[in-house]
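Chains, contacts and geometry: an overview
One letter stands for each residue in the lines below.
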Amino acid sequence: MSPWRPSSWSLAVKLPLIVCLVVAGVAGVTGFTVIQKERIELRQALAEKAVLLSQWIAAASAEPMMRNDVWPIWRSLRQVTSKEVDEGRDVLTAMVLDTEGVVMAHLQPGLNPIGLPLHTDGDETRLLERALRSETTLVLEDPAGGFVEGVAPVVGGGKRLGVARVRLSTRVLAQAVGEATGLVLLATFGLALIGSLAGIYASLRAVRPLGRLADAMSSLARGEPVAVPVRGADEIAHLSVTFNAMAAEVAEKQRLERELAQAEKTAALGRIAAGVAHEVNNPLAGILNCLSTLRDHPKEPGLLERYLPVIERGLLRIRAIVQDLLVEQRAEHASEPCGPECLDEVRDLIAAEIEGKSIALDWRNELPPDTMFNRQRLQQALLNLLRNAVQAMPAGGRLSVSARREDGVLVIVVEDTGVGIAPEDVGRVFDPFFTSRKTGTGLGLWITWRLVQSLGGTIEVASRLGEGSRFTLSIPLGGPDGSIAD
Amino acid sequence: MGEARRIDRRAFLTTSAGAAVAAVAWPARAAGAPVRIALTAAAVRDELPLYDRWAAYLERHFGRPVHFVQRKTYHDVLELLRTGDLDFAWVCSYSFTQAWDAGLVDLIAAPVYRGSPTYRSYLIVHNDDAAQRLDDLAGRSFAFTDPDSATGYIIPRAMLRAGGRDPDRFFRRTFFTWDHGQAIEAVAERVADGAAVDSYVWDYLAAKRPQIGRLTRKIGQSEAFGFPPMVARRGIDAALAERFRTALAAMPREADGRRVLDEMMLDGYVEVGSAHYDGVRAAAASAGARADAQPPSAL
């Protein structure tokens, strides 16, 4: 999860963040729109107030102005603009001028003496000119935004006598807007916080189950189906239910497979038992037959000499079968780890067996030194293959053995230049008690196949009658370094 | 002093805002027709509880209810005397000379202020103003009290005349406030650069309302003139006039009367003759009339 790539962020972070941003955005935009509207309305109200005040003053000033009596004008000016009348109002200044702009009364009399023209410059002069020209009430605005001014003409005896001007500060406006802004910011922050909490809650409700589902799927991929808890009835719950159904099906399938494998094992055992019974029964029948004849004709000369070798052959065959089965049994339960040098022990063994026969041994062990495998099972499997090859070359030939590692798989190829296997027999060479030779028990290749299978590997055979056979053993090595713990 | 006897303060504000009449009748307490006494700018008129107490004192002496009547201008009060709608009035010294000379009034008594039945005209400016004498106010704005006021109009004009100035041109702008207290306020608020006011009113306000004393400063004063007297409408019941005279004279000796006097910062009342106001007559003769000096009610 890179902090600079939002696309890589966890949903548990993104969801609260997005909700928070959206909520804050909506709250902020709404709030500031309301503030803007409020500001316009407040300004309007302030302007109306200024005009109303100027109208009051103008009305109170008309009669005193007609008789040139300025004191009552000042009194009403001060009274109307006094703080006691309206606490919230902020009168910056107020004045009554005659039509020439001469001060009749001013709220700051010390700076604006009665009887002198109002002193102005710049923007103030322009405002004064507009006020003096005005025939009706008027709202003037400070170019700098500091005040709004209400202007009302003073009319008496059907004549315009002068003008009343009242300036209200916009400070109260700025203050109200400031307060509202504070509230909006607070609300935005609060809502964003609530949004984040909602996002966190949503992520707890949505993201965590998703995480559990992902974990469960990984576990399923490893062949360990587990169920996830289902809460509520939303899409995630639906997904969880579906997943659980799938996991249950996988588990059921695995159970069935295990049962099937068990049944096959039992069946194979049955077949072997039957085979053993059959294979043992044949020599036994011959032996018993010999013994019966010997008992019936104890005095008949030459009979013993003739039958003893037959009995011996029969017993030897039975012993061979039993030995092969014992070898298979031992190897199948061994688990001693061993390195590449163990293969060379097999070479020594077979080299001793082919001594005196015209068989050339081409041995290439290219396994890296760190390759580890199950000693007894692999040795036995290889030895059986080699013996099979030697027996396939009664007239001599060449036996090639190569061992190498390919992508964590141990590959051993055994090749002979023997009699080969008939195409119709290729599919049966690993069946127990299948043999094409009179002396064979038919158990060697079957044992090899069983051992290779117990190591999780495969064995392939390619053969051409009269030219030879090639057996390829492929056994996966357990650990990353090519070793196996087994 | 019951609440019901108070004059509604708002009624006074209306008086100053317009030219309307603001006579307020107390509920009758003593039997008989009320005795009507007018107050003018010569008195400090907005101390209402004080006048309640004074009325109570006088009611005790008259055995009749007492109504204090307020009018905006001296002129209005003179009109009420003329029409017989008043019994007594506390008028300005100049108004008195006019009314006396017109045969409208008789003297009852004059208040004794700081040991003497006299007062002066004070020339005041804002405390921050650099002016030191009347000449420094040339070309500036000036508040007069009332065209019928001695200290607030006649005397300062006479002083200007005596100094060889034309009182109609000396100031840039003048206006009337129709009350000494408001003339002081006009200076305190800098609406006017200077004002001429009744020394009694200024001393009274400076003592009772220190902020006014702090904001204004006295830069000159006139010689002494007869203090605004209490007068009776000529032709009223002599016994009533005598009872009033006795009541006023008795004030320093009676507890409630003493209390009212103390609050008014007066020592008592003393009988004076018309000649006591000759100085005012002389000042009025030299002050000269002014064309625009028309009270609002004259329009």
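Residues numbered from 1 in each chain as written. Chains lettered and ligands numbered in written order. Predicted model: local features only at pLDDT ≥ 70, side-chain atom pairs only at ≥ 80, totals over all residues. Heavy atoms only, no water.

On to the overall build of chain B, then. Along chain B, the regular secondary structure elements total 12 helices and 13 strands. Summarising the internal contacts of chain B: among those between residues at least 6 apart in sequence, 82% fall at separations of at least 24. A total of about 11,500 Å² of accessible surface is found on chain B, and carbon and sulfur atoms cover 50% of it. (Helix = DSSP H or I, 4+ residues; strand = E, 2+ residues; numbered from the N terminus. Contact = heavy atoms within 4.5 Å. Areas by Shrake-Rupley, 256 points an atom, 1.4 Å probe, with all protein chains shown as cover.)

When pLDDT is averaged along chain A, the result is 85, and 97% of the positions lie at 70 or above. Considering only residues more than four positions removed or in separate chains, one finds that residues 479–486 of chain A, a stretch of pLDDT under 50, has 18 contacts. (pLDDT = per-residue confidence, 0-100.)

Right, let's get into the interface of chain A and chain B. Listed per partner, the contact involves 15 residues of chain A and 16 residues of chain B. Of the roughly 1,600 Å² buried between chain A and chain B on both sides combined, carbon and sulfur atoms contribute 55%. Contact with chain B buries area across many residues of chain A, yet Arg67(A), Trp71(A) and Ile114(A) alone supply 39% of it, more than any other trio. Linking chain A with chain B are 3 salt bridges. (Buried area = accessible area lost by both parts, 1.4 Å probe. Salt bridge = Lys/Arg side-chain N within 4 Å of Asp/Glu carboxyl O.)

Here we take up the state of the cysteines. Residue and element names in this part refer to chain A. This structure, assessed with the given rule, holds 1 disulfide over all chains. With its sulfur 1.2 Å from that of its partner, Cys338 forms a disulfide with Cys342. Disulfide Cys338-Cys342: torsion about the S-S bond near 65°, hence right-handed. Using a relative accessible area of 5% as the deciding quantity, one classes Cys338 as buried. (Disulfide = S-S within 2.5 Å. Buried < 20%, exposed > 50% of the residue type's maximum accessible area, 1.4 Å probe, protein only.)

Moving on, we get to unusual backbone geometry. Here the phi dihedral of Asp407(A) falls at roughly 55°; this positive angle occurs in a residue that is not glycine. Looking at the element boundaries, Asp407(A) is found in the loop between strand S9 (397–406) and strand S10 (409–416). Judged by its relative accessible area of 80%, Asp407(A) falls in the exposed class. Notably, Met265(B) is not glycine yet its phi reads approximately 60°, a positive angle. Turning to its location among the elements, Met265(B) is positioned in the loop between helix H11 (255–264) and strand S13 (268–270). On the basis of relative accessibility, which here comes to 24%, the residue Met265(B) falls in the partly exposed class.

Another aspect to go through is the sheet that holds strand S10 (residues 216–221) of chain B. Residues and elements named next belong to chain B. Spatially, the 5 strands line up as an open sheet ordered S8-S7-S9-S6-S10, and their pairing is mixed. Since the sheet does not close on itself, it has two edges, and those belong to strand S8 (173–176) and S10, each with one partner. For this sheet, the mean inter-axis angle between neighbouring strands, taken without regard to orientation, is 30°. Bridge count between strand S6 (residues 121–126) and strand S9 (residues 194–198): 5 bridges; the pairing is antiparallel. Opposite Val125, over in S9, you have Gly194 as the bridge partner. Sitting on the sheet, helix H5 (residues 150–162) is in contact with S6, strand S7 (141–144), S8, S9 and S10, with an inclination near 120° to S9. (Pairing = 2+ DSSP bridges. Axes fitted to C-alpha atoms, helices over the stretch in contact; angles between N-to-C directions.)

What follows covers the pattern of salt bridges. Inspection of every chain in the model, using the stated rule, returns 44 salt bridges over all chains. Put simply, Glu257(A) and Lys253(A) hold a salt bridge, and the shortest N to O gap is 3.6 Å. Here the residue Glu257(A) and the residue Lys253(A) both occupy positions in helix H5 (residues 235–296), the gap between them amounting to 4 residues, near one helical turn. Members of the salt-bridge network, linked through shared partners, are Arg75(A), Arg78(A), Glu185(B) and Glu189(B).

As a further point, take helix H4 (residues 171–221) of chain A. In a regular helix each residue adds 1.5 Å, so 51 residues correspond to 75 Å; H4(A) covers 71 Å between its end C-alpha atoms and thus fits that length. With its phi angle positive at about 85°, Gly223(A) sits one or two positions after the end of H4(A). (Expected span 1.5 Å × (residues − 1).)

Here the focus is the pairing of strand S1 (residues 91–98) of chain A. Within a regular strand, side chains alternate between the sheet's two faces. All names here are of chain A. Judged by how many residues are buried, S1 sits mostly within the fold: 7 of 8 residues are covered. For S1 and strand S5 (residues 159–169), the ladder comprises 7 bridges, and the chain directions are antiparallel. Residue pairing for S5: Asp98 is matched across the bridge by Gly162. Looking at chain direction, S1 and strand S2 (residues 103–106) are connected through 3 bridges and run antiparallel.

Relative to the helices and strands, Thr177(B) is located in the loop between S8 and helix H7 (180–188). Reaching out from Thr177(B), the side chain makes a polar contact with the backbone nitrogen of Ala183(B) at a distance of 3.3 Å. Excluding its chain neighbours within four sequence positions, the residues that come into contact with Thr177(B) are Trp71(A), Ala143(B), Phe144(B), Thr145(B), Gln182(B), Ala183(B) and Ala186(B). (Polar contact = N/O pair within 3.5 Å; in protein donor to acceptor, adjacent residues only side chain to side chain.)

All names here are of chain A. The strand order across the open sheet built from 5 strands is S7-S9-S10-S12-S11, with neighbouring strands paired in mixed fashion. Where the open sheet ends on each side, the last strands, each with one partner, are strand S7 (359–365) and strand S11 (458–464). Each adjacent strand pair in this sheet contributes to an overall mean axis angle of 10°, direction not counted. In the packing of helix H10 (residues 444–454) onto the sheet, the strands contacted are S11 and strand S12 (468–476), and the crossing angle to S11 comes to about 145°.

Another aspect to go through is the environment of Glu332(A). All names here are of chain A. On the secondary structure map, Glu332 appears in helix H6 (residues 303–332). A sequence separation of 118 residues divides Glu332 from Arg450, and the C-alpha atoms of the two residues are 8.3 Å apart. Setting aside residues up to four positions removed in sequence, Glu332 forms contacts with Arg377, Arg450 and Leu451.

Residue and element names in this part refer to chain A. Burial within S5 is extensive, with 9 of its 11 residues counted as buried. Judged from the 10 bridges that link them, strand S4 (residues 147–156) and S5 form a sheet pairing that is antiparallel. Each residue of the ladder has a partner; that of Val148, found in S5, is Leu168. Between the antiparallel neighbours S4 and S5 lie 2 residues, among them Gly157 with a positive phi of about 60°.

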